[in-house]
Amino acid sequence: MNAAVKTDFRVPVLGTLFRFQWEPAQQAYVLLYPEGMVKLNQSAGEILALVDGQRNVTAISAALMEKFPEAGDLSGDILEFLEVAREQRWIDYR
Amino acid sequence: MSNAGSTTANALARTKTHGQPLWLLAELTYKCPLQCPYCSNPLDFAGAGEELSTEEWISVFRQAREMGAAQLGFSGGEPLVRQDLERLIAEARKLGYYTNLITSGIGLSGERIAAFREAGLDHIQVSFQASDEEVNNMLAGSKKAFQQKLKIAREVKAQGYPMVLNFVTHKHNIDQIDRIIELCVELEADYVELATCQYYGWAYENREQLLPTKAQLERAERITNEYREKLKAEGNPIRLIFVTPDYYEERPKKCMNGWGEIFLTVTPDGTALPCHSARMLPIEFPNVKDQSIDAIWNESNGFNYFRGDEWMQEPCRSCDEKEQDHGGCRCQAYMMTGDMHAADPVCGKSPDHGKILAAREAAELDTNGQPITYRNERNSKVFAESSRVFARSG
Ligand code: SF4
Ligand code: SF4
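Just so it is clear, the model here is predicted, and its values are computed rather than measured.

Reading the values: rules and limits
Residues numbered from 1 in each chain as written. Chains lettered and ligands numbered in written order. Predicted model: local features only at pLDDT ≥ 70, side-chain atom pairs only at ≥ 80, totals over all residues. Heavy atoms only, no water. Helix = DSSP H or I, 4+ residues; strand = E, 2+ residues; numbered from the N terminus. Buried < 20%, exposed > 50% of the residue type's maximum accessible area, 1.4 Å probe, protein only. Contact = heavy atoms within 4.5 Å. Areas by Shrake-Rupley, 256 points an atom, 1.4 Å probe, with all protein chains shown as cover. pLDDT = per-residue confidence, 0-100. Axes fitted to C-alpha atoms, helices over the stretch in contact; angles between N-to-C directions. Parallel < 35°, antiparallel > 145°, perpendicular 65-115°, else oblique. Left-handed = near helix turned anticlockwise from the far one by under 90°. Pairing = 2+ DSSP bridges. Near = heavy atom within 4 Å. 1 Å grid on protein atoms, 1.4 Å probe; cavity = no way out; pocket = protein on both sides within 12 Å on 5 of 7 lines; lining within 4 Å. Sits in = over half its atoms within 2 Å of the grid points. Nonpolar A, V, L, I, M, F, W, Y, C, P; charged D, E, K, R; others polar.

Here we look at the overall build of chain B
Part 1 of the argument: If you tally the helices and strands in chain B, you get 15 helices and 9 strands.
Part 2 of the argument: When burial is assessed residue by residue, chain B has 58% of its 394 residues classed as buried.
Part 3 of the argument: Counting only contacts in chain B whose residues sit at least 6 apart along the sequence, the fraction spanning at least 24 positions is 74%.
Part 4 of the argument: Accessible surface, chain B as shown: approximately 15,800 Å² in total, 48% of it carbon and sulfur.

Set out below in structure tokens:
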């Protein structure tokens with residue numbers, strides 16, 4: 001078994017300070033928190049939309065690559081984003 | 001990837017030079033149970049008519065939401081006085097707002113906190129007026145008079161809300177910032193806002209007693225930084241936000257992230273303002289009872305007045321920094337120069353900058369022992385905070 005196919009069983013959940021939603025007026029996903037808002041770019045939004053407290057990291061990657069087959073292997077980018085998101089406390093791991 | 005406040009993705013069909021309202025502050029009532037002798041009597045507000053009804057508020061929420069508002073703050077006076085607050089929260093949440101309750105905590109019970117939760121309230125901010133007798137008691141070591149507020153703060157956390165604690169600091173308490181921070185840590189606040197008050201309105205009158213000295217500010221900021229590092233090392237996620245008064249800057253702050261760019265305040269009687277403080281200006285502002293939010297935001301004279309730079313005078317008009325600060329705060333310019341079109345005197349290029357320098361000098365004089373007639377300054381401060389929070393997430 002090589003590293004690339006090893007399953008990442010960590011399950012990200014949304015941080016308790018944040019609410020995630022689609023904003024029609026912004027045409028973007030956003031994170032809302034006390035008196036503030038982060039407007040997410042498309043890829044960040046698509047990743048967080050799959051953070052449901054059920055899917056693990058590998059499942060999130062698989063779902064995204066299925067949705068955007070032309071994008072190639074996204075797993076590295078996804079991991080990188082999840083790391084940033086954890087630092088920002090947008091997500092946490094269960 | 002986080003570019004909050006950008007309006008590039010504006011989906012509105014109309015092409016506009018200004019942004020869309022993102023932040024709606026609903027001042028539900030001027031009433032307040034505190035009845036401080038130094039607090040504004042609601043009836044004193046010129047032209048303050050009857051409070052908007054429940055249905056009128058809901059209509060305001062719906063219209064602003066359609067235009068893109070995502071944050072909704074319930075404030076006052078004391079918003080808890082409104083018996084329909086639960087209903088208003090529920091409707092706002094249903095519309096998709098992130099709902100913030102900005103309260104003194106006086107008159108709040110565990111049951112009502114739970115009822116708000118049920119209605120969908122997202123966040124509660126408990127404001128501690130640094131001038132409050134309670135805070136003074138706390139700082140003086142007597143926690144007794146302070147119990148109600150502490151109880152409410154604990155209850156807010158226990159019920160799972162994110163909690164922002166907000167302390168207004170000034171000359172007489174800023175030296176005890178370490179104790180304020182420790183209290184906030186003990187209460188498990190998620191965010192702590194330590195802000196010197198904005199010198200608008202009554203606070204302007206009391207400026208000499210309130211404005212900390214430069215040395216005091218630097219010390220407080222240093223202590224705050226030390227706590228930040230210490231708490232971070234301990235793995236404590238609390239965020240300390242320290243805001244210095246612009247009196248010690250050489251360039252002003254941009255008014256509310258731009259006049260009529262992001263913020264919309266609606267007062268108890270329905271008057272719409274680009275900022276809480278703007279009602280002091282000699283401009284006629286529109287009312288939600290007479291016009292739609294769309295017309296108010298896009299077409300009214302009040303909201304268009306300080307958009308663009310046509311209104312500017314020298315030195316702002318030909319200044320190469322005008323995009324950055326837009327000439328600074330209009331209310332500050334009006335208060336200090338009598339002309340709301342003037343450059344904000346905080347700016348080193350303003351011919352009135354000497355007034356700021358004089359205020360700094362006056363702050364060095366010992367005014368200890370003089371009574372402070374400190375009035376409830378919650379809203380304008382909160383608003384300034386919000387603007388900053390928005391800017392920070394950008
Ligand atoms: S002169 Fe006016 S525009 Fe220029 S920096 Fe000062 S306040 Fe800003
Ligand atoms: S107080 Fe300052 S920030 Fe608020 S409207 Fe007036 S000019 Fe703008």
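Here's the deal with the confidence of the model for chain B
Part 1 of the argument: On average, residues of chain B score 79 in pLDDT, and 76% of them are at 70 or above.
Part 2 of the argument: Across the interface, the model reports ipTM at 0.86; the global pTM reads 0.83.

Points about the packing of helix α1 (residues 54-66) of chain B against helix α2 (residues 85-95) of chain B
Residue and element names in this part refer to chain B.
Part 1 of the argument: Between α1 and α2, the least distance of the axes is 10 Å, while the angle of their chain directions is 20 degrees. In terms of their interaxial angle, α1 and α2 are classed as roughly parallel. Seen along the crossing, α1 lies across α2 with a hand that is right-handed. Here α1 contributes Thr54, Glu55, Trp57, Ile58, Phe61, Arg62 and Arg65 to the contact with α2, which in turn contributes Arg87, Leu88, Glu91, Ala92 and Leu95.

Observations regarding the pairing of strand β1 (residues 23-27) of chain B
All names here are of chain B.
Part 1 of the argument: In terms of burial, β1 is a largely internal element, 5 of the 5 residues being buried.
Part 2 of the argument: Pairing of β1 with strand β2 (residues 71-75) involves 5 bridges; the strand directions are parallel. Each residue of the ladder has a partner; that of Leu24, found in β2, is Leu72.
Part 3 of the argument: Where β1 and strand β8 (residues 263-266) come together, 4 bridges link them in parallel fashion. Residue pairing for β8: Leu25 is matched across the bridge by Thr265.

Side note on the site of ligand 1
All names here are of chain B.
Part 1 of the argument: Around ligand 1, the neighbouring residues are Arg251, Pro252, Pro315, Cys316, Cys319, Glu321, Lys322, Asp325, Gly327, Cys347 and Lys349.
Part 2 of the argument: Here ligand 1 occupies the largest cavity.
Part 3 of the argument: Grouping the amino acids of the shell around ligand 1 by side-chain chemistry returns 5 nonpolar, 1 polar and 5 charged.

What about the sheet that holds strand β6 (residues 191-196) of chain B?
Residue and element names in this part refer to chain B.
Part 1 of the argument: With mixed pairing, 9 strands are arranged side by side in an open sheet as β7-β6-β5-β4-β3-β2-β1-β8-β9. Across the chains shown, the open sheet's two edge strands, defined by having one partner strand only, are β7 (239-243) and β9 (272-273).
Part 2 of the argument: In the packing of α1 onto the sheet, the strands contacted are β1, β2 and β8, and the crossing angle to β1 comes to about 170 degrees.

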